[in-house]
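Structure at a glance
The residues making up each chain are set out below.
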Amino acid sequence: MPHILVTGGAGFIGSHLCEELVKDPQNEVFSLDNYSTGSEKNHIEGVAYIVGDTRDIERKIPFVPDFVFHLGEYSRTSESFKEPEKTWSHNIEGTFRVLEFCRKNNVKKILYAGSSTKLADGGDGRNQSPYAWSKAINTELIQRYNEWYGLPFVTVYFYNVYGGREIQDGPYATLIGIFKRLTREKKPLTIVTPGTQHRSFTHVDDIVRGIILAAEKGKGEGYCLGPKTMHTIREVAEMFGGEIHMLPEKPGDRKTVAIDLTKTEEELGWKAAIRLEDHVRDFLKSI
């Protein structure tokens, strides 16, 4: 049976990936998660859960996986200004250890979950926050490991993922998760000034489908997973309806994000199937 390791497997996206992977009886799926944002509530039957940090991967994983899905990193832009040490240790040190583990054990392939912040604001987005910089550097480090050591890899880029199990409260909450919570609580929706920031929003089911296609068919750098349609933050708030309250600008808040789906569509045959408007409409009907 193929041994598959998912770092961050108890998190929002990682749990959905584990849920899909374990459907194949040929797969033996393991999760390595430090539960900084993951939760036991996200555990999927049939998945083996290992508590630990990616920095300790060699000690925590006593077997050689055939494939590694590396999703387990620090993943909030504005919070990374407050927690640079955590950003560095989880993203730079953690990913280095994961790559060394894959190199030493001749892992067949690693998939890395990159961030679309690297592609924001004409490429300047990569330097706008500790988080964005760390993610951009890691995409380059993985390419170097391929050149230096022949480590097979594929890198995908996520665009504002939403859907079931998203975090809705606290400093690591997603935008759509926050809007859902505030709507349920009948409170004003808070958006960061100026509200004209453009984003591409991707449903987690589409993301998981893209991840698996990239793992099966992809090779190397540059698979963007997001819809071509962009929305401003204010437009998204208006989909939910109700009062809007403006917040001060935040550091590292990118204004535009580029998305090039050419490679993704041609090599993977992937396109986003779920529209944000439909998801919000269904949510509003359910409350």
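Here, the structure is the one placed above.
These lines cover the structure that appears in this document, whether it is placed above or below. (Residues numbered from 1 in each chain as written. Predicted model: local features only at pLDDT ≥ 70, side-chain atom pairs only at ≥ 80, totals over all residues. Heavy atoms only, no water.)

1. A closer look at the packing of aromatic side chains
Under the defined criterion, the tally for this structure stands at 9 aromatic pairs. Between Tyr74 and Tyr172 the ring centres are 6.0 Å apart and the planes differ by 90°, which places this aromatic pair in the edge-to-face class. With Tyr74 in the loop between strand 4 (67-70) and helix 3 (77-82) and Tyr172 in the loop between strand 7 (161-162) and helix 6 (175-184), this residue pair connects regions lying 98 residues apart in the sequence. Residue classification places Tyr74 among the buried residues on the basis of a relative accessible area of 4%. The interplanar angle of 85° and the centroid separation of 6.2 Å between the aromatic rings of Trp148 and Tyr149 together place this pair among those described as edge-to-face. Every member of this aromatic cluster is reached through a ring pair, and the members are Tyr145, Trp148 and Tyr149. The cationic tip of Arg103 hangs over the ring face of Tyr149; the distance from NZ or CZ to the ring centre is 4.9 Å. Cation over ring: Lys263 sits above Tyr223, and NZ or CZ is 4.6 Å from the ring centre. (Phe/Tyr/Trp six-rings, centres within 6.5 Å; stacked < 30°, edge-to-face > 60°. Helix = DSSP H or I, 4+ residues; strand = E, 2+ residues; numbered from the N terminus. Buried < 20%, exposed > 50% of the residue type's maximum accessible area, 1.4 Å probe, protein only. Lys NZ or Arg CZ within 6 Å of the ring centre and 35° of its normal.)

2. Structural notes on the environment of Gly164
Tracing the backbone shows Gly164 in the loop between strand 7 and helix 6. On the basis of relative accessibility, which here comes to 36%, the residue Gly164 falls in the partly exposed class. Considered as a pair, Gly164 and Pro25 are 139 residues apart in the sequence and their alpha carbons are 24 Å apart.

3. Thoughts on the pairing of strand 4
Going residue by residue along strand 4, you find Phe67 and Phe69 tucked away on one face and Val68 and His70 tucked away on the opposite face as well. Taken together, the 4 bridges between strand 1 (residues 3-7) and strand 4 define a ladder with parallel strand orientation. Residue pairing in the sheet places Val6 in a bridge with Phe69 of strand 4. (Pairing = 2+ DSSP bridges.)

4. Here's the deal with the packing of helix 8 (residues 233-240) against helix 10 (residues 276-286)
Between helix 8 and helix 10, the least distance of the axes is 9 Å, while the angle of their chain directions is 30°. Note that helix 8 runs across helix 10; the crossing there is right-handed. Facing Val236, Met239 and Phe240 of helix 8, the residues of helix 10 in contact are Leu276, Glu277, Val280, Phe283 and Leu284. Taken together, the residues that form the contact of helix 8 with helix 10 break down as 7 nonpolar, no polar and 1 charged. (Axes fitted to C-alpha atoms, helices over the stretch in contact; angles between N-to-C directions. Left-handed = near helix turned anticlockwise from the far one by under 90°. Contact = heavy atoms within 4.5 Å. Nonpolar A, V, L, I, M, F, W, Y, C, P; charged D, E, K, R; others polar.)

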